[in-house]
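# Observations on the model geometry
What follows is each chain in one-letter form.
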Amino acid sequence: MDQFKDIRPYHDDEVRPVIDGLLANPEFIRSIAGFSFPKAYRLLPALVCWLARRKLTAQLEHVNTVKSMQGVIALYMDQMIEKTASNLTHSGLENLSRDKPCLFISNHRDIAMDPAFVNYMLFHAGFDTVDIAIGDNLLKRPFVTDLMRLNKSFIVRRSLKGRELLKSSKQLSEYIHHCIDNNRSVWIAQREGRAKDGVDRTDTALLKMLSMAKRELGLQQSLNSLHIVPVAISYEFDPCDTLKADELYQKAELGSYQKDEQSDIHSIVTGMIGFKGHVHVSFGVPVQLTSDAAEDAAAQIDQQIIHNYLLQPTNFLALEKLRESDPGRVPPIALPPDLVVPVNGESAEKFAARLDAADPKIRSYLLQMYANPVISRYAAGNADPFAGQMMAETTAE
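Here goes a summary of the coordinates provided.

### Some remarks on the sheet that holds strand 2 (residues 103–106)
Adjacent strands of a sheet form backbone hydrogen bonds with each other and so pair up, either parallel or antiparallel. The sheet built from 7 strands is open, its strands ordered 1-7-6-2-5-3-4 with mixed pairing. Both edges of this open sheet fall to strand 1 (85–91) and strand 4 (153–156), since each of them pairs with a single strand only. Neighbour to neighbour, the strand axes of the sheet diverge by 25 degrees on average, direction disregarded. Bridge count for strand 2 against strand 6 (residues 228–235) is 4 bridges, and the pairing is parallel.

### Here we look at the pattern of salt bridges
A complete count under the given rule lists 17 salt bridges for this structure. D181 is the partner of K214 in a salt bridge, and the nearest nitrogen-oxygen pair spans 3.6 Å. In this pair, K214 is assigned in the loop between helix 9 (204–211) and helix 10 (218–224) and D181 in helix 8 (residues 162–181), connecting sequence segments 33 residues apart. Between E346 and K350 there is a salt bridge, and its shortest N-O distance comes to 3.0 Å. In this pair, E346 and K350 both sit in helix 15 (residues 345–357), 4 residues apart, roughly one turn of the helix. Three or more residues joined by partner-sharing salt bridges are found here, namely D2, R8 and E14.

### Section: the side chain of R8
Along the chain, the position of R8 falls in the segment before helix 1 (12–23). Of the polar contacts made by the side chain of R8, one reaches the side chain of E14; its length is 2.9 Å.

### Describing the environment of I32
Of note, I32 is situated in helix 2 (residues 26–36). On the basis of relative accessibility, which here comes to 24%, the residue I32 falls in the partly exposed class.

### Quick word on the packing of helix 8 against helix 9
Direction vectors running N to C along helix 8 and helix 9 enclose 70 degrees, while the axes themselves pass 7 Å from each other. One element, helix 8, and the other, helix 9, form an angle in the roughly perpendicular class. From helix 8, S169, L172, S173, I176 and H177 reach across to helix 9, where they touch M209, L210 and S211. Taken together, the residues of the contact of helix 8 with helix 9 break down into 4 nonpolar, 4 polar and no charged.

### A few points about the packing of aromatic side chains
In the structure shown here, the tally under the stated rule is 8 aromatic pairs. On the numbers, 5.3 Å between centres and 70 degrees between planes, the contact of F4 with Y175 is edge-to-face. With F4 in the segment before helix 1 and Y175 in helix 8, this pair connects stretches of sequence that are 171 residues apart. Like Y175, F4 is buried. An aromatic cluster is defined as three or more aromatic residues linked by ring pairs; in this entry it consists of F4, F154 and Y175. R98 extends its terminal NZ or CZ atom over the ring of F127, reaching a point 4.0 Å from the ring centre. Seen from the ring of Y365, R329 lies directly overhead, with NZ or CZ sitting 4.5 Å from the centre.

Reading the values: rules and limits
- Residues numbered from 1 in each chain as written.
- Predicted model: local features only at pLDDT ≥ 70, side-chain atom pairs only at ≥ 80, totals over all residues.
- Heavy atoms only, no water.
- Pairing = 2+ DSSP bridges.
- Helix = DSSP H or I, 4+ residues; strand = E, 2+ residues; numbered from the N terminus.
- Axes fitted to C-alpha atoms, helices over the stretch in contact; angles between N-to-C directions.
- Salt bridge = Lys/Arg side-chain N within 4 Å of Asp/Glu carboxyl O.
- Polar contact = N/O pair within 3.5 Å; in protein donor to acceptor, adjacent residues only side chain to side chain.
- Buried < 20%, exposed > 50% of the residue type's maximum accessible area, 1.4 Å probe, protein only.
- Parallel < 35°, antiparallel > 145°, perpendicular 65-115°, else oblique.
- Contact = heavy atoms within 4.5 Å.
- Nonpolar A, V, L, I, M, F, W, Y, C, P; charged D, E, K, R; others polar.
- Phe/Tyr/Trp six-rings, centres within 6.5 Å; stacked < 30°, edge-to-face > 60°.
- Lys NZ or Arg CZ within 6 Å of the ring centre and 35° of its normal.

In structure tokens form, the structure reads like this:
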């Protein structure tokens with residue numbers, strides 16, 4: 001019996017029937033047509049849908065396996081990166097073994113692009129791509145679920161409660177261990193939801209969930225068997241920065257933020273097609289835990305993510321502007337005397353234009369978002385300036 005059938009990615013023998021179903025799905029075709037050719041679709045929707053289906057049918061004609069599907073996705077990624085990123089770099093690939101799978105635990109800034117950039121780096125370096133954890137809150141439509149599962153995504157059920165949540169968490173943990181035991185690497189975000197404020201911290205609840213499949217070994221041995229590698233992804237410009245800042249503003253000033261059905265889709269599309277500038281993906285070294293304390297494990301992962309994160313010119317620009325406009329938002333930090341702050345005139349101009357275009361009431365939140373990675377790394381006395389804040393957020397969730 002396939003105990004993971006309801007959450008796992010599709011197998012090779014399932015790929016072709018799923019693709020044929022998508023090509024026959026009018027809702028999927030309309031979505032692709034509207035996304036790819038928005039102006040023409042508004043004028044001639046029937047014609048554009050016909051053209052979109054014809055183009056997709058030709059592109060996917062010979063796709064019969066997961067690997068061939070990922071080859072098609074890689075071509076789309078190449079085109080998207082060329083249009084939306086000015087520079088794409090990586091570090092730490094030499095830390096990875098080609099013979100040992102990893103659980104990549106990553107900071108989380110963009111819904112779709114974070115795992116996409118990790119996969120892109122691995123694919124072009126000759127590594128196998130990863131299985132990707134994706135929350136069921138993003139899978140509102142069946143064709144979206146099909147697309148994700150075709151691209152080696154597995155489902156994290158976030159909407160369950162009580163015993164059902166416990167049962168689902170155990171199944172998820174077992175699936176991730178199953179992947180590692182069968183030489184397949186996995187990507188998962190360090191906490192539920194994106195770090196909209198730019199504070200990258202690992203949720204201990206995630207680590208406890210990951211250890212459930214081999215609970216009898218204790219948390220230390222269970223997590224060590226997953227070969228955890230922290231990953232830090234850095235965007236010079238976050239395409240969703242104003243969306244995130246507005247959410248932070250509403251929560252802080254109005255007491256709540258209400259999502260609608262289109263919020264996640266809007267964030268996904270904005271993250272994909274928006275300008276990102278320089279993107280850097282940093283792979284850490286495998287974590288070796290020495291205790292059963294989830295807090296110690298989280299601290300080790302966080303230390304690598306915070307210190308491997310490539311600080312961009314926009315991070316330092318935001319810090320200086322925040323000091324000028326709202327100094328109370330900047331805690332004591334100690335920058336090393338030999339630190340060379342990256343200077344980029346083009347970044348400064350684009351960042352200033354971005355800030356000017358933002359609603360004045362959300363600007364301080366936008367600046368804080370970009371400044372927080374610098375604050376995280378250089379907090380005076382190596383203290384965690386966000387510890388209390390993160391505890392409050394975890395309790396609230």
